[in-house]
Amino acid sequence: MDVLSFVIVGHVDHGKSTLIGRLLYDTGSLPPDKIQEVRKASAGRGRETEFAYLLDHLEEEREQGITIDTTQVFFKTDSRRYVIIDAPGHVEFVKNMITGASQAEAAVLIIDVAEGIKEQTKRHSYMLSLLGLHQVVVVLNKMDLVGFSQERFDAVKKDAQQWLKSISIEPFFYIPISAINGDNIAAKSDKMTWYTGPSFLESLDSLKNAQPPQDKALIFPVQDVYKIDGDRIIAGRVEAGVLRANQLVKVLPSGQTTKVTSIQKFPSRVELAVAGESIGITTEDPLFLDRGDVLCTPDAEPTLTDTFDATIFWMSKNEFKKNKKITIRCATQETTAKVERIDSRIDSSTLDILERDAGTLKNLEVGQVTIKTKAPLVIKSFNDVRELGRFVFVEGDNICAGGIITCDK
Ligand code: GDP
């Protein structure tokens with residue numbers, strides 16, 4: 001069965017925890033005794049079964065080291081398994097996404113329909129856009145508070161549409177829900193017969209898994225070169241396309257070509273390897289190959305450049321200065337870089353452009369920048385091949401910024 005990982009983002013109190021609790025409950029992902037316990041506790045507080053409370057309760061258990069890890073919540077429907085990647089805050093989320101620690105394939109934006117779009121709704125959805133997460137479902141929650149009004153739903157949907165369009169997100173669905181009562185979550189609600197779209201779970205089931213980009217041109221960044229019994233084994237992961245034995249490949253940045261003589265997919269020898277597979281290969285002339293080289297097909301090369309535009313998220317207490325030398329890592333490549341221009345400096349909480357043609361970036365600020373590297377880098381835009389489209393800046397052992405390549409020059 002496929003697994004789809006997604007994040008839920010939205011303004012505080014708009015119902016994220018309640019929705020997660022409801023999903024677990026409606027998909028039968030909780031043991032019955034747990035539900036009973038929460039029912040009792042909620043009744044004691046004079047409330048209906050509180051799903052947000054349910055999640056807090058699981059959180060407590062997690063702290064005591066028992067059962068469920070709420071940073072990775074699992075549930076399944078008839079057609080697929082799901083992982084909700086919980087991000088305690090946007091900083092962690094952005095950091096995880098950019099560094100590849102967690103890979104959400106889709107996002108759910110939750111908006112309290114009574115309150116409408118708030119500051120964090122904007123901030124979080126902007127981050128989705130920045131991170132190239134374009135598979136988005138919007139749920140308008142707390143429909144019970146507005147008497148399940150279609151008018152109110154339409155008004156908030158229109159606002160959301162306008163805002164999301166301005167940041168290049170076109171959601172697949174807008175769904176009116178009441179997380180607390182389960183309306184339009186697992187099944188269609190009889191309180192909103194005017195709504196003809198899918199339930200929330202149906203909408204999730206219709207989302208696509210991010211395919212390993214096998215149909216694209218070959219990208220094979222060299223991770224390491226090992227000497228074994230006189231052979232030089234070139235190890236790495238195929239990030240895009242297919243690599244075949246006897247195939248002619250071009251090595252960047254040197255531009256030399258060579259032939260792949262064998263492919264080893266531990267423990268056996270194979271004829272081909274596809275995107276996502278980690279392999280070791282031998283080549284006709286292995287001597288010039290080294291970590292950071294990228295193998296590609298001669299007729300479909302990625303960009304080799306020392307200058308490109310990017311969006312970076314600065315995550316360090318130390319202020320970042322234009323033109324200061326810093327280490328950049330992109331896939332297995334590493335070199336020295338400097339930011340030549342900070343086109344705009346953006347407050348990640350308000351999204352206000354604080355300054356044009358800025359000289360510095362402070363902690364948690366976003367910059368749209370032009371980067372120049374000492375050695376040329378092999379890159380792709382983030383939406384094409386993720387591994388070659390994102391990078392980090394490193395100071396000492398610390399990742400102090402993550403970035404996404406928006407345009408190569
Ligand atoms: P979070 O901060 O986004 O995780 O929000 P919570 O899930 O903690 O919900 C915030 C408050 O909104 C809680 O008191 C919930 O009981 C309440 N809430 C969540 N969903 C609904 C809903 O569908 N209807 C109503 N009336 N209240 C809701």
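Residues numbered from 1 in each chain as written. Predicted model: local features only at pLDDT ≥ 70, side-chain atom pairs only at ≥ 80, totals over all residues. Heavy atoms only, no water.

Asker: So what about the overall build of the protein chain? Which residues, and what values?
Answerer: Scanning the protein chain for helices and strands turns up eight helices and 24 strands. Considering the protein chain as a whole, with its 409 residues, one finds that 50% of them fall into the buried category. Long-range pairs, those at least 24 residues apart, make up 69% of the contacts in the protein chain with a sequence separation of at least 6. (Helix = DSSP H or I, 4+ residues; strand = E, 2+ residues; numbered from the N terminus. Buried < 20%, exposed > 50% of the residue type's maximum accessible area, 1.4 Å probe, protein only. Contact = heavy atoms within 4.5 Å.)

Asker: Go over the site of the ligand with me, naming the residues and quoting the values.
Answerer: Of all residues adjacent to the ligand, which total 16 residues, the nearest are Asp13, Lys16, Ser17, Thr18 and Asp144. Here Ile180 contributes a backbone N or O atom positioned 3.2 Å from an oxygen atom of the ligand. Summarising the interface, the protein chains cover 80% of the accessible area of the ligand, which totals 570 Å² for the free molecule. For the shell around the ligand, the element with the most residues is helix H1 (residues 16–26), which contributes three residues. (Near = heavy atom within 4 Å. Polar contact = N/O pair within 3.5 Å; in protein donor to acceptor, adjacent residues only side chain to side chain. Areas by Shrake-Rupley, 256 points an atom, 1.4 Å probe, with all protein chains shown as cover.)

Asker: I'd like a description of the sheet that holds strand S5 (residues 136–141), backed by residues and values.
Answerer: Strand order in the open sheet formed by six strands is S2-S3-S1-S4-S5-S6, and the pairing between neighbours is mixed. Lying at the two open borders of the sheet, with one neighbouring strand each, are strand S2 (72–76) and strand S6 (173–176). The average angle at which neighbouring strand axes cross in this sheet is 25°, direction not considered. Bridge analysis of strand S1 (residues 3–10) against strand S3 (residues 81–85) gives four bridges, and the strand direction is parallel. In the sheet register, Phe6 faces S3, and the bridge partner there is Ile84. Each of S1, S2, S3, strand S4 (106–112) and S5 is contacted by H1, which is oriented at about 40° to S2, the strand it contacts most. Relative to the sheet, helix H5 (residues 119–130) contacts S1, S4 and S5, its axis offset from that of S1 by approximately 145°. (Pairing = 2+ DSSP bridges. Axes fitted to C-alpha atoms, helices over the stretch in contact; angles between N-to-C directions.)

Asker: Account for helix H6 (residues 150–166), naming residues and giving values.
Answerer: Residues lying three or four places apart along an α-helix face the same way, a consequence of the helix completing one turn every 3.6 residues. Between the first and last C-alpha of H6 there are 24 Å, a value that for 17 residues agrees with the 24 Å anticipated at 1.5 Å per step. Within H6, the full set of buried residues consists of Phe153, Val156, Ala160, Trp163 and Leu164. Viewed along the axis of H6, the buried residues span an arc of 105°, placing them on a single side of the element. Exposed residues on H6 whose side chains face more than 90 degrees from its buried face are Glu151, Lys158, Gln162, Lys165 and Ser166. Buried residues belonging to H6 abut S4, H5, S5 and S6. (Expected span 1.5 Å × (residues − 1). Arc of directions from axis to C-beta.)

Asker: Go over the nonpolar core, please, and point to the residues and values.
Answerer: With 59 residues, the main nonpolar core has Phe6, Leu19, Leu23, Phe75, Val139, Phe200 and Leu204 as its most contacted residues. In terms of residue count, S4 provides more of this core than any other element does, six residues in total. Three or more residues apiece are contributed to this core by two domains, here domain 1 (3–205) and domain 3 (303–408). Filtering out sequence-adjacent residues up to four positions away, Phe6 remains in contact with Leu23, Phe75, Tyr82, Val83, Ile84, Ile85, Ala104, Ala106, Ala107, Val108 and Leu204. (Core = buried A, V, L, I, M, F, W, Y, C linked by side-chain atoms within 4.5 Å. Domains from an automatic or database assignment.)

Asker: Before we move on, could you go through the confidence of the model for the protein chain and cite the residues and values that matter?
Answerer: On average, residues of the protein chain score 87 in pLDDT, and 85% of them reach the 70 mark or higher. Of the regions scoring below 50 in pLDDT, residues 65–70 engages in 11 contacts with residues more than four places distant in sequence or in other chains. (pLDDT = per-residue confidence, 0-100.)

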